[in-house]
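# Overview (structure and organization)
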Amino acid sequence: MNTSSPLYQFLKTIISYRQQLKWWQYPQVERYADDNFYAFTRGEVLMAFTNSDNEVRRTITYHPYAEGTRLCNIFYPGDCVKVTNGSFVVFLEHGETKTFLSLIHI
């Protein structure tokens, strides 16, 4: 087993946070949906997906986060957004997915 492969590291990261935060215990709440983008929360976790090979940028206004909350991508902790004036922008490139958590969990 190649424990340094990108897929192994991806699964290791997502499973670790899933076990820690037990997000399966929370309902899935749709936060944004259109033909090329989908985002939902489970508890404090926001997951964003696209089916586009292009760059996709969406402003999320329906969410559970307080003003000033900083959310960071669990796969790249330097990739963060901040809730400002009740919203934040999610940017996805070339079919990527992102899983955001409040900075206090990373």
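The paragraphs below set out a description of the structure included in this document. (Residues numbered from 1 in each chain as written. Predicted model: local features only at pLDDT ≥ 70, side-chain atom pairs only at ≥ 80, totals over all residues. Heavy atoms only, no water.)

Now for the side chain of S87. Counting through the fold element by element, S87 comes out in the loop between β6 (80-82) and β7 (88-92). If sequence neighbours within four positions are ignored, S87 has contacts with T59, I60, T61, H63 and K82. (Helix = DSSP H or I, 4+ residues; strand = E, 2+ residues; numbered from the N terminus. Contact = heavy atoms within 4.5 Å.)

Two numbers describe a pair of aromatic rings. These are the distance of the centres and the angle of the planes. Counted by the stated rule, this structure contains five aromatic pairs. Ring geometry for Y38 against F40: centres 5.9 Å apart, planes inclined by 40°, an arrangement best described as tilted. Given a relative accessible area of 25%, Y38 falls into the partly exposed group. Grouped by ring-pair contacts, the aromatic residues Y38, F40 and F49 constitute a single cluster. (Phe/Tyr/Trp six-rings, centres within 6.5 Å; stacked < 30°, edge-to-face > 60°. Buried < 20%, exposed > 50% of the residue type's maximum accessible area, 1.4 Å probe, protein only.)

Below, the discussion takes up the pattern of salt bridges. Counted under the stated rule, the structure contains three salt bridges. The partner of K98 in a salt bridge is D79, and the shortest N-O contact between them spans 2.8 Å. In this pair, K98 is assigned in strand β8 (residues 98-102) and D79 in the loop between β5 (70-73) and β6, connecting sequence segments 19 residues apart. Since its relative accessible area comes to 5%, K98 is described here as buried. D79 sits in the partly exposed class, given a relative accessible area of 23%. E96 is paired through a salt bridge with K98; the nearest N and O atoms lie 3.9 Å apart. (Salt bridge = Lys/Arg side-chain N within 4 Å of Asp/Glu carboxyl O.)

Residues V56, R58 and I60 line the buried face of strand β4 (residues 56-60), whereas the alternating positions R57 and T59 sit on a face that is not buried. In this sheet, β7 lies alongside β4 in antiparallel orientation, the contact comprising five bridges. Looking across to β7, one finds that V56 is bridged to L92. (Pairing = 2+ DSSP bridges.)

A few words on the state of the cysteines. A complete count under the given rule lists one disulfide for this structure. Two residues, C72 and C80, share a disulfide whose sulfurs are 2.0 Å apart. Looking along the S-S bond of the C72-C80 disulfide, the torsion reads about 105°, which is the right-handed sense. (Disulfide = S-S within 2.5 Å.)

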